[in-house]
Amino acid sequence: MRKKDSAERAAGQPATKVLKDGTTILVAPKPALKKEILRHKDVYLLLLIPFVYYIVFKYVPIFNAQIAFKDFRARDGVLGSAWIGFQNFTDFFSSFYFWELLRNTLMYSIGKILISLPVSIILAIAIYECTHYALRKTVQTLAYLPHFLSWVIMYGVLFALLSPSSGILNDIIKLFGGQPVDFLSSVKAFPWVVLLSDAWKEMGWSAIIFIAALMNIDVTLFEAAMVEGANSWQRVRYITFPSIKPVIVTVLLLKIGTILDAGFNQMYMLYSPQVYSVGDIIDTWVYRQGLLQFEFGLATAVGLFKGVIGMLLVVFSNKLVSKFSEGSSLF
Amino acid sequence: MKKLLSLMLIALIAMSAVFANGAAEKSSAVNEDGTVTIELWYGAAITEAGPIPDDWVGYDILREEHGIDLKLSVLPSNESDQDVRIQAAAAGNSLPDLFMVSRPVLTRLVDQGLVAPVDDYYALMPNRTAQQYDADSIAMSTIDGHSYGFASPGSVAKNEGLLIRKDWLDNLGLEVPTNLDELMEVMRAFTYDDPDGNGKNDTYGYGAYIESDATLKGYPGARLFPILGAFGVDGLWCLEEENLGLNVYKPEFYDAMVYIRQMCEEGVMDPNWLTYKKDDFRAAWKQGRFGIMKEQNAAYASESNYAPFDANFPDGEWIIIDPPEGPDGLASVGAYDQNYRIYAMSQDAADEGKAEKICELLEWMSSDEGYYLCGWGVEGVNYVLDENGIPVTGDLGDNSFSGPDGQVYTQLRNMVFYNSDVELASRYPTYTTAVSGKTMSALTALREMQSKYWTAAIGSGQMPTPNADVQRYYEQTLAEFLSGQRALTPENWQAFIDGFNRIGGAAWNEEGIAYAQANGLVR
């Protein structure tokens with residue numbers, strides 16, 4: 001059946017496709033690539049810059065990933081360094097803190113998905129539903145703003161808020177008779193500082209994609225729902241959510257692909273020895289052990305490990321999504 | 001289409017192979033105009049100021065009189081960032097011809113064969129060698145019997161002191177503390193007896209931040225050295241023959257930890273000390289948050305640094321005091337090493353025949369012309385000489401060597417300065433504070449700080465460093481003891497030592513002892 005489809009489409013004839021529910025649909029014939037490029041050359045020209053970027057900065061360096069299996073010596077170069085098999089991977093897996101690093105990394109990655117994703121969806125819907133133009137724009141701008149601040153600046157802001165002796169939050173706690181909390185050096189409080197500060201910093205930026213998806217919803221659906229007597233919550237529940245579900249799934253899948261990236265910049269700025277047990281993640285370990293100790297083979301091995309795990313998770317999650325929600329999967 | 005994809009794949013592999021070989025073959029050392037290009041990555045003298053402008057007259061002098069086309073690039077101010085930048089360049093086999101590098105990184109680069117030995121080149125720089133390089137500095141850059149860099153004098157040794165707010169002592173009728181018990185009493189009074197008389201409970205006894213490394217300033221770091229020194233355990237390593245090894249193994253280290261933990265428990269230590277960065281700490285003492293600290297002479301007493309404190313507290317006064325004595329009568333401001341800035345020559349530069357020109361550049365820097373030009377700029381434009389021959393700012397305004405427009409021309413001064421009296425007198429002039437009218441001098445403060453008792457730990461900077469897991473275990477566990485996450489009991493301490501040994505601490509200690517013995521660092 002598939003071979004037949006391909007043959008039909010290649011010949012420029014419309015093909016048919018049977019969906020899981022038994023519906024048969026016509027699929028437009030696939031035009032020749034050269035013709036397609038010539039026809040839309042302006043658009044393809046725009047694509048050239050990111051295409052070159054990805055080739056130079058993402059694909060060419062893949063060749064150098066072989067140093068993950070080598071005792072890399074800069075003088076000998078990537079090709080000249082000696083092969084050592086999986087030694088770099090073994091060093092990483094057998095490092096004293098491996099399981100703790102993995103636990104912390106997953107804790108922050110999953111935690112950020114669980115907190116930041118819903119928060120940005122709620123913010124997007126709130127902004128979309130807001131009818132007061134000035135208020136909507138003000139909230140939108142204020143929510144975007146922290147994204148543009150580096151974690152160095154954010155550290156300063158958090159320190160001013162959370163300092164045990166002079167922080168605003170602790171001043172409030174003391175005002176109500178409580179004991180000040182050293183949020184940045186308490187192992188109990190630190191993970192929450194990381195997760196909530198990330199949600200605060202990134203929610204506005206993350207909401208953009210959802211706002212864009214909301215803008216594409218046919219407004220007649222809302223008008224019809226209002227005529228039928230649906231209230232705001234019902235409109236959100238039965239129109240808004242289902243409409244942006246594919247975008248939510250896409251964002252979720254992309255985040256799963258980088259699940260072993262828990263935010264190096266943030267953690268490097270915020271953590272300190274007293275919270276290493278809950279603050280040290282794979283990337284900070286790689287920085288200390290790989291980059292500062294000139295173990296580039298080890299650092300590359302960890303990067304490769306993260307990439308492979310991320311890719312496997314994306315493929316697996318995508319399969320699940322395509323099984324349970326057709327049309328929402330990435331590929 | 002298949003043809004296109006095949007071509008793309010071949011191009012990709014070819015590009016990858018080219019990139020994989022690192023930097024392209026370097027061309028001949030001599031340019032078409034007869035000059036030799038020397039790429040120099042330097043540490044900026046004034047990190048908050050910009051790089052040396054393109055109109056710096058030094059470029060023309062070097063090009064026309066020495067045939068050197070100097071290309072300058074400033075390194076990040078943060079030491080870790082410097083290390084990362086150098087090592088990233090090394091990984092791509094694209095190190096510059098001459099670059100500043102820390103000793104631990106130098107050791108790794110030598111191991112990779114990326115740095116040229118320079119033993120034979122000192123003779124090419126007689127003036128500079130006499131001025132800047134002696135046996136100690138050469139030892140600092142010596143690895144496996146060869147010198148792999150030119151180690152110039154760094155910041156002045158013993159340039160920090162223990163300071164106390166004299167006005168607070170006077171307000172509370174207290175004397176300067178001389179031992180740890182008295183120190184604790186004063187810290188309590190500073191914390192709970194409203195020493196500034198503002199009616200608020202907003203002051204602390206001692207202020208600090210974590211300033212540690214893996215060679216000299218072991219955790220909990222240099223800002224607590226006067227406390228650790230009272231127990232004889234200041235510094236990461238003890239280089240005395242009878243106690244050679246990591247200080248953490250000495251029983252007195254536990255006693256020192258108990259004392260610091262008591263400071264935290266009693267609330268006399270500014271609770272921000274574990275999270276303060278250097279700038280936060282410095283802002284805090286200028287805001288009157290604590291009354292005792294260990295601070296660097298210029299950070300305390302130079303005009304620009306003292307001005308905010310002077311404005312906030314015109315009646316405030318810091319004095320430099322002797323470090324407190326511990327239970328066995330020991331006292332020390334801290335452990336000190338000779339500080340050096342190492343400039344290494346890449347093996348590629350040596351292979352290209354640039355070594356002699358690099359030496360010519362360095363020798364010129366230490367000539368009268370280069371020394372004053374790099375150190376202070378152009379006479380009459382950036383500095384004038386006073387009656388004692390000291391370069392001063394005069395009335396040159398913004399163009400003076402300390403003014404916003406002139407200071408950028410002195411970014412290379414750390415490559416020529418060697419802490420001479422002329423340099424120090426010029427750098428730390430006596431001045432009158434703007435608000436309180438006090439007479440201040442960072443040089444006077446320096447001399448007073450240097451007169452106190454310090455623990456010699458010369459050569460600590462050369463000692464081997466641990467791997468990341470050992471260092472994390474060491475720092476994390478000590479931090480947990482001090483913050484109260486882990487009870488500081490003899491049993492738990494022994495468990496920490498046992499764990500430290502298992503993870504690699506014992507091997508690190510043995511490696512350090514062997515290194516110190518083999519390299520004559522034991523006192």
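Predicted model, so just to flag it, every value in this text is computed and none were measured.

### Here we look at the overall build of chain B
Here is step 1 of the chain: Tallying secondary structure elements over chain B gives 20 helices and 19 strands in all.
Here is step 2 of the chain: Taking 523 residues into account, the globule formula puts the C-alpha radius of gyration at 24 Å, and chain B, at 26 Å, falls close to it.
Here is step 3 of the chain: A principal-axis box enclosing the C-alpha atoms of chain B has dimensions of 75 × 60 × 55 Å.
Here is step 4 of the chain: Counting across all 523 residues of chain B, residues that qualify as buried make up 46%.
Here is step 5 of the chain: Considering only residue pairs separated by 6 or more positions, chain B has 73% of its internal contacts joining residues 24 or more positions apart.

### Describing the overall build of chain A
Here is step 1 of the chain: Each helix and strand in chain A was counted, giving 16 helices and 4 strands.
Here is step 2 of the chain: Relative to a compact globule of 331 residues, whose C-alpha radius of gyration would be 20 Å, chain A shows 25 Å and is clearly more extended.
Here is step 3 of the chain: For chain A, the residues scored as buried account for 27% of the 331 residues in total.
Here is step 4 of the chain: Nonlocal contacts in chain A, meaning residues at least 24 apart in sequence, comprise 60% of its contacts between residues at least 6 apart.

### So, the packing of helix H6 (residues 98-129) of chain A against helix H12 (residues 232-257) of chain A
All names here are of chain A.
Here is step 1 of the chain: Axis separation between H6 and H12 bottoms out at 11 Å; the angle between their running directions is 135°. Relative to H12, the element H6 is oriented oblique. Judged by the twist between their axes, the crossing of H6 over H12 is right-handed. Between H6 and H12, the residues in contact are Ile113, Leu117, Ile121, Ile125 and Glu129 and Ser232, Val236, Thr240, Ile248, Val251, Leu252 and Lys255, respectively.

### A word on the pairing of strand E14 (residues 340-345) of chain B
Working note: regular strand, side chains alternate between the two faces of the sheet.
Residue and element names in this part refer to chain B.
Here is step 1 of the chain: With 6 of 6 residues buried, E14 is to be regarded as a mostly interior element.
Here is step 2 of the chain: Where burial is concerned, the two faces of E14 agree: the one with Tyr340, Ile342 and Ala344 and the one with Arg341, Tyr343 and Met345 are both buried.
Here is step 3 of the chain: One ladder, built from 4 bridges, connects strand E3 (residues 98-101) with E14; its direction is antiparallel. If you follow Val101 over to E14, its bridge partner there is Ile342.
Here is step 4 of the chain: Note: strand E6 (residues 150-153) against E14, 4 bridges, orientation antiparallel.

### Considerations on the sheet that holds strand E1 (residues 36-42) of chain B
Residue and element names in this part refer to chain B.
Here is step 1 of the chain: Read from one edge of the open sheet, 5 strands run E2-E1-E3-E14-E6, paired in mixed fashion. Edge strands, defined here as strands with exactly one partner in the open sheet, are strand E2 (68-74) and E6. With strand direction ignored, the average angle separating the axes of adjacent strands in the sheet is 25°.
Here is step 2 of the chain: In this structure, E1 lies alongside E2, joined through 7 bridges in parallel fashion. Within E2, the residue paired with Glu39 across the bridge is Lys71.

### Thoughts on the packing of H6 of chain A against helix H10 (residues 190-215) of chain A
Residues and elements named next belong to chain A.
Here is step 1 of the chain: Remark: H6 packs on H10, axes separated minimally by 6 Å, with the N-to-C direction vectors making an angle of 45°. Our classification of the angle between H6 and H10 gives oblique. At the point where H6 passes H10, the crossing takes the right-handed sense.

### Examining the interface of chain B and chain A
Here is step 1 of the chain: Each side of the interface is counted separately: chain B has 39 residues, and chain A has 37 residues.
Here is step 2 of the chain: Contributing elements (two or more residues each) for the side of chain B that touches chain A: helix H1 (2-20), helix H3 (79-91) and helix H19 (468-483) of chain B.
Here is step 3 of the chain: With 8 residues, H19 of chain B is the single largest residue contributor to the side of chain B that touches chain A.
Here is step 4 of the chain: Classifying every residue of the side of chain B that touches chain A gives 17 nonpolar, 14 polar and 8 charged.

### Brief notes about the sheet that holds strand E8 (residues 204-206) of chain B
Residues and elements named next belong to chain B.
Here is step 1 of the chain: Pairing in this open sheet of 4 strands is mixed, and the strands run E8-E11-E7-E12 from one edge to the other. Two strands close off the open sheet at either side, each with one partner strand: E8 and strand E12 (318-321). Shown here is a sheet whose adjacent strand axes are inclined to one another by a mean of 35°, direction ignored.
Here is step 2 of the chain: In this structure, E8 lies alongside strand E11 (residues 290-296), joined through 2 bridges in parallel fashion. If you follow Tyr204 over to E11, its bridge partner there is Phe290.

### A look at the pairing of strand E7 (residues 160-165) of chain B
Residue and element names in this part refer to chain B.
Here is step 1 of the chain: With respect to burial, E7 is a largely interior element, 6 of its 6 residues being buried.
Here is step 2 of the chain: Where E7 and E11 come together, 5 bridges link them in antiparallel fashion. Looking at E11, one finds that Gly161 is bridged to Glu295.

### Concerning the environment of Gln347 of chain B
Residues and elements named next belong to chain B.
Here is step 1 of the chain: Position of Gln347 relative to the elements: it lies in helix H14 (residues 347-351).
Here is step 2 of the chain: In this structure Gln347 comes out as buried when scored by C-beta crowding, with 20 C-beta atoms within 10 Å.
Here is step 3 of the chain: Residues Gln347 and Ile210, 137 residues apart in the sequence, show an inter-C-alpha distance of 37 Å.
Here is step 4 of the chain: Residue contacts for Gln347: discarding those within four places in its chain leaves Gly113, Leu114, Val115 and Ala116.

### As for helix H20 (residues 490-518) of chain B
Residue and element names in this part refer to chain B.
Here is step 1 of the chain: Here H20 spans only 34 Å end to end across 29 residues, well under the 42 Å set by a 1.5 Å rise per residue.
Here is step 2 of the chain: Taken as a whole, H20 carries its principal kink of about 80° at Arg502.
Here is step 3 of the chain: Along H20, the residues classified as buried are Trp493, Phe496, Phe500, Gly505, Trp508, Asn509, Gly512 and Ala516.
Here is step 4 of the chain: Close packing links the buried residues of H20 with strand E9 (237-238), strand E10 (245-246), helix H10 (251-265) and H19.
Here is step 5 of the chain: Where H20 ends, the next residue or the one after it, Gly520, has phi of about 65°, a positive value.

### Examining the confidence of the model for chain B
Residue and element names in this part refer to chain B.
Here is step 1 of the chain: Here chain B shows a mean pLDDT of 92. Residues at 70 or above account for 95%.
Here is step 2 of the chain: Across residues 21-26, where pLDDT falls below 50, the model places 12 contacts with residues more than four positions away in sequence or in other chains.
Here is step 3 of the chain: Across the assembled chains, the prediction reports ipTM 0.80 with pTM 0.83.

### Notes on unusual backbone geometry
Residues and elements named next belong to chain B.
Here is step 1 of the chain: A cis amide bond links Tyr219 to the next residue, Pro220, at an omega of 10°.
Here is step 2 of the chain: The phi dihedral of Asn93 is positive, around 50°, even though this residue is not glycine.
Here is step 3 of the chain: Inspection of the secondary structure puts Asn93 in the loop between H3 and E3.
Here is step 4 of the chain: On the neighbour-count criterion, Asn93 (20 C-beta atoms within 10 Å) is buried.
Here is step 5 of the chain: In this structure, Asp194 takes a positive phi of about 50° despite not being glycine.
Here is step 6 of the chain: Along the chain, the position of Asp194 falls in the loop between helix H8 (180-192) and E8.
Here is step 7 of the chain: Under the C-beta neighbour-count criterion, Asp194 is labelled partly exposed, with 17 such atoms within 10 Å.

### Re H3 of chain B
Here is step 1 of the chain: Here H3 of chain B spans 18 Å end to end across 13 residues, near enough to the 18 Å set by a 1.5 Å rise per residue.
Here is step 2 of the chain: What H3 of chain B keeps buried is the set Asp83, Ile86, Gln87, Ala90 and Ala91 of chain B. The arc enclosing the buried residues of H3 of chain B, seen along the axis, measures out at 135°, which places them on a common side.
Here is step 3 of the chain: Tucked inside the fold, the buried residues of H3 of chain B contact helix H15 (282-291) and helix H16 (296-324) of chain A together with E3 and helix H4 (103-111) of chain B.
Here is step 4 of the chain: Remark: Asn93 of chain B follows H3 of chain B within two positions and exhibits a positive phi of approximately 50°.

### Considerations on the environment of Ile173 of chain A
All names here are of chain A.
Here is step 1 of the chain: If you trace the backbone, Ile173 turns up in helix H9 (residues 168-175).
Here is step 2 of the chain: Spatially, the C-alpha atoms of Ile173 and Asp21 are 58 Å apart, while their sequence positions differ by 152 residues.
Here is step 3 of the chain: Among all residues touching Ile173, those that are not within four sequence positions of it are Gly178, Pro180 and Val181.

### Overview of the environment of Leu163 of chain B
Here is step 1 of the chain: As for its placement among the helices and strands, Leu163 of chain B is situated in strand E7.
Here is step 2 of the chain: Setting aside its immediate chain neighbours within four residues, Leu163 of chain B contacts Met293, Glu295, Tyr300, Trp318, Ile319 and Ile320 of chain B.

Rules used in this analysis
- Residues numbered from 1 in each chain as written.
- Chains lettered and ligands numbered in written order.
- Predicted model: local features only at pLDDT ≥ 70, side-chain atom pairs only at ≥ 80, totals over all residues.
- Helix = DSSP H or I, 4+ residues; strand = E, 2+ residues; numbered from the N terminus.
- Rg over C-alpha atoms; globule rule 2.2 N^0.38 Å.
- Buried ≥ 20, exposed ≤ 12 C-beta atoms within 10 Å, placed from the backbone.
- Contact = placed C-beta atoms within 7 Å.
- Axes fitted to C-alpha atoms, helices over the stretch in contact; angles between N-to-C directions.
- Parallel < 35°, antiparallel > 145°, perpendicular 65-115°, else oblique.
- Left-handed = near helix turned anticlockwise from the far one by under 90°.
- Pairing = 2+ DSSP bridges.
- Nonpolar A, V, L, I, M, F, W, Y, C, P; charged D, E, K, R; others polar.
- Expected span 1.5 Å × (residues − 1).
- Bend = angle between axes of the 7 residues up to and from the residue.
- pLDDT = per-residue confidence, 0-100.
- Arc of directions from axis to C-beta.

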